[in-house]
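# Descriptive analysis of the structure
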Amino acid sequence: MTKSGTEKKRETAKSKTRRPTVQNGSGRDSSDVSSKKPDTGKDVFQVFAEKVRDNKQLESRWAVMQETRVEYFRGKDIVKFLRKHPEVKELLGSKKDLEVEDIVNILLKKNLLVRCDRVVKTVRPGKKKLSTWPAHLEIFQDQVFSENDAFFAWTFLKRRTLWMTILSFSWPLLALAICLFPVYPYTCKLVVLYSCAGVLLLILCLLLVRALVFGALWIILGKRVWIFPNILAEETTFKELVQFWPIKDEEEKPKWASRLFYALVAVLIILLLRHHAPDEAARARYQKRVSNIIDDVLEWSPKLVLSGMMEKQQQPHETAFNSTEAEETADGSRTSTADDSEISTSPNDVEGEDIIDDDAVDDHK
């Protein structure tokens, strides 16, 4: 009995000593796994920052900060955004009940955001207030959230979307297609030519109408009205790009003297352009020249090039053959003229010989 009891005690001791070794052999203990789960996953604030940045409801702009282009937003805009879209805070898990100020402060501590300030802090001449979205920023000294006139720039690289990846692969194909334009069929060349010309004409007409509307309203009413205000913006969405209604004018009304001066300048430019405009003959010559250039581009093909090269290679042989033929004909003409001359002179010689023979006979007699 005692022996069996001691054996049982030894077996239990061995099992106790073996359990930790088995757990260590498997690599992780249950307590270690539970403690390391958050570390192996992605930071919730990183995921939250990426989702907020990708959301188009948060208004943002691009600016230059320390010679680097950054995307930034205003403090009051992030407050409005999180109040309208509380479901975004669900990504924070247990910290979803934090206030906006606390969330932004954590993002600042994790270097996902950086607080910025405008470089130009004084109102420019002719304006009533500072720019709503400054184009140049600098790092603010106190990295703490503020809702009033505070700007925050993202510090991490934006995640590449599927469309961006597709476009990155399509650019080399587009460049190759442009390089292969001369070998396109005639119909494809016409389609590409008229499409590009139509788009270019549309852009130029739009910019011209935009400038005329602005100039007329600025001279007559003294208001700065730009239709399609974001048509020349570098970083904008398609919805903002096609926005027709102009932005509210925040600058002071121009003086009558400046408006009258620019009106006179515009009239002088129109008169000069009308005076130096080309006549009908010059326009016809220019149109013919341009049409010839376009026809040369459209009608060009590799077959024409190859045929031209073959003609150039055949021309030296033809010229050499023609030269040899000319030399042979010249030699033939020379020999024929010499024979003719000999033939023509032979009767005279015969007559002379007869005369000499007759004289010799007379002398002998």
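Conventions and cut-offs
Residues numbered from 1 in each chain as written. Predicted model: local features only at pLDDT ≥ 70, side-chain atom pairs only at ≥ 80, totals over all residues. Heavy atoms only, no water. Helix = DSSP H or I, 4+ residues; strand = E, 2+ residues; numbered from the N terminus. Buried < 20%, exposed > 50% of the residue type's maximum accessible area, 1.4 Å probe, protein only. Contact = heavy atoms within 4.5 Å. Areas by Shrake-Rupley, 256 points an atom, 1.4 Å probe, with all protein chains shown as cover. Patch = residues over 30% accessible without salt bridge, like charges linked within 9 Å, V, L, I, M, F, W, Y side chains within 5 Å. Salt bridge = Lys/Arg side-chain N within 4 Å of Asp/Glu carboxyl O. Phe/Tyr/Trp six-rings, centres within 6.5 Å; stacked < 30°, edge-to-face > 60°. Lys NZ or Arg CZ within 6 Å of the ring centre and 35° of its normal. UniProt positions renumbered as here; feature names shortened; annotations may be inferred. Pairing = 2+ DSSP bridges. Axes fitted to C-alpha atoms, helices over the stretch in contact; angles between N-to-C directions. Core = buried A, V, L, I, M, F, W, Y, C linked by side-chain atoms within 4.5 Å.

### With respect to the overall build of the chain
Within the chain one finds eleven helices and five strands. Every one of the 365 residues in the chain was classed for burial, and the buried ones make up 18%. Summarising the internal contacts of the chain: among those between residues at least 6 apart in sequence, 62% fall at separations of at least 24. With an accessible surface of roughly 28600 Å², the chain has 61% of that area assigned to carbon and sulfur atoms.

### Quick look at a nonpolar patch on the surface
There is a patch of nonpolar side chains on the surface, built from Leu167, Trp171, Leu174 and Ile178 and spanning about 450 Å² of accessible area. Mapped onto the secondary structure, tryptophan 171 falls in helix α6 (residues 162-179).

### As for the packing of aromatic side chains
Geometry of an aromatic ring pair is reported as the spacing of the ring centres plus the angle between the planes. Inspection of the entire model under this criterion finds eleven aromatic pairs. Residues tryptophan 218 and tyrosine 262 carry aromatic rings whose centres are separated by 5.6 Å and whose planes lie at 75° to one another, so their mutual orientation is edge-to-face. Of this pair, tryptophan 218 sits in helix α7 (residues 186-220) while tyrosine 262 sits in helix α9 (residues 256-275), and the two are 44 residues apart along the sequence. Using a relative accessible area of 47% as the deciding quantity, one classes tyrosine 262 as partly exposed. Here the aromatic cluster, defined as three or more aromatic residues joined through ring pairs, consists of Phe73, Phe145, Phe152, Trp154 and Phe156. In this structure, arginine 53 packs its charged tip against the face of phenylalanine 156, placed 5.2 Å from the ring centre.

### Some points on the environment of lysine 80
With respect to the helices and strands, the residue lysine 80 is situated in helix α4 (residues 75-84). It is 10.0 Å that separates the C-alpha atoms of lysine 80 and glutamine 57, two residues lying 23 residues apart in sequence.

### Some points on the UniProt feature "transmembrane region" (unreviewed entry) in the chain
Cross-referencing UniProt, the feature "transmembrane region" (unreviewed entry) maps to residues 162-184, 190-221 and 260-277 in the present numbering. This span, residues 190-221, is 97% helix and 0% strand, and a straight line between its end C-alpha atoms measures 45 Å. Here residues 260-277 runs as 89% helix and 0% strand, with 26 Å between its end C-alpha atoms.

### Details of the pattern of salt bridges
This model, assessed by the stated rule, comprises ten salt bridges. Of the charged contacts, one joins arginine 74 and glutamate 59 as a salt bridge, the two residues approaching to 3.9 Å between their closest N and O atoms. Taken together, the positions of arginine 74 in strand β2 (residues 68-74) and glutamate 59 in the loop between α3 (44-54) and β1 (61-65) put the pair 15 residues apart, joining distant regions of the chain. With its nearest N and O atoms 3.4 Å apart, the salt bridge here joins glutamate 90 to lysine 96. Using a relative accessible area of 47% as the deciding quantity, one classes glutamate 90 as partly exposed. Judged by its relative accessible area of 34%, lysine 96 falls in the partly exposed class. Through salt bridges with shared partners, one network takes in Glu59, Arg61, Arg74 and Asp77.

### A short note on the sheet that holds β1
Read once around its circumference, the closed barrel built from five strands follows the order β1-β2-β5-β3-β4, with strand pairing classed as mixed. With strand direction ignored, the average angle separating the axes of adjacent strands in the sheet is 55°. Across four bridges, strand β3 (residues 113-118) lies against strand β5 (residues 151-154) in antiparallel orientation. Each residue of the ladder has a partner; that of valine 114, found in β5, is alanine 153.

### Focus on α4
Gly75, Asp77, Ile78, Val79, Phe81 and Leu82 are the residues of α4 that are buried. Considering only its buried residues, α4 is in contact with α3, β2, α5 (100-109) and β5.

### A look at the pairing of β1
Looking at chain direction, β1 and β2 are connected through five bridges and run antiparallel. Along β2, the bridge assignment pairs valine 64 with arginine 69. In this structure, the hairpin formed by β1 and β2 is closed by a connection of two residues, where glutamine 66 is found at a positive phi of approximately 55°.

### Notes on unusual backbone geometry
Look at glutamine 66: it is not a glycine, yet its phi comes out positive at around 55°. Looking at the secondary structure, you find glutamine 66 in the loop between β1 and β2. Residue classification places glutamine 66 among the exposed positions, given a relative accessible area of 59%. Not every positive phi belongs to a glycine, and phenylalanine 228 is a case in point at roughly 50°. Judged by its relative accessible area of 19%, phenylalanine 228 falls in the buried class.

### Observations concerning the side chain of glutamine 46
Relative to the elements of secondary structure, glutamine 46 occurs in helix α3. Overall, the relative accessible area of 19% leaves glutamine 46 in the buried class. Not counting residues within four places of it along the chain, the set of residues in contact with glutamine 46 comprises Leu112 and Phe156.

### Side note on the nonpolar core
In terms of nonpolar packing, the biggest core is built from 24 residues, with Phe48, Val52, Ile78, Leu107, Leu113, Phe152 and Trp154 touching the most fellow members. Per-element accounting of this core gives the leading share, five residues, to α5. One finds Cys116, Trp133, Leu137 and Ala153 within the second-largest nonpolar core, a separate group that totals ten residues.

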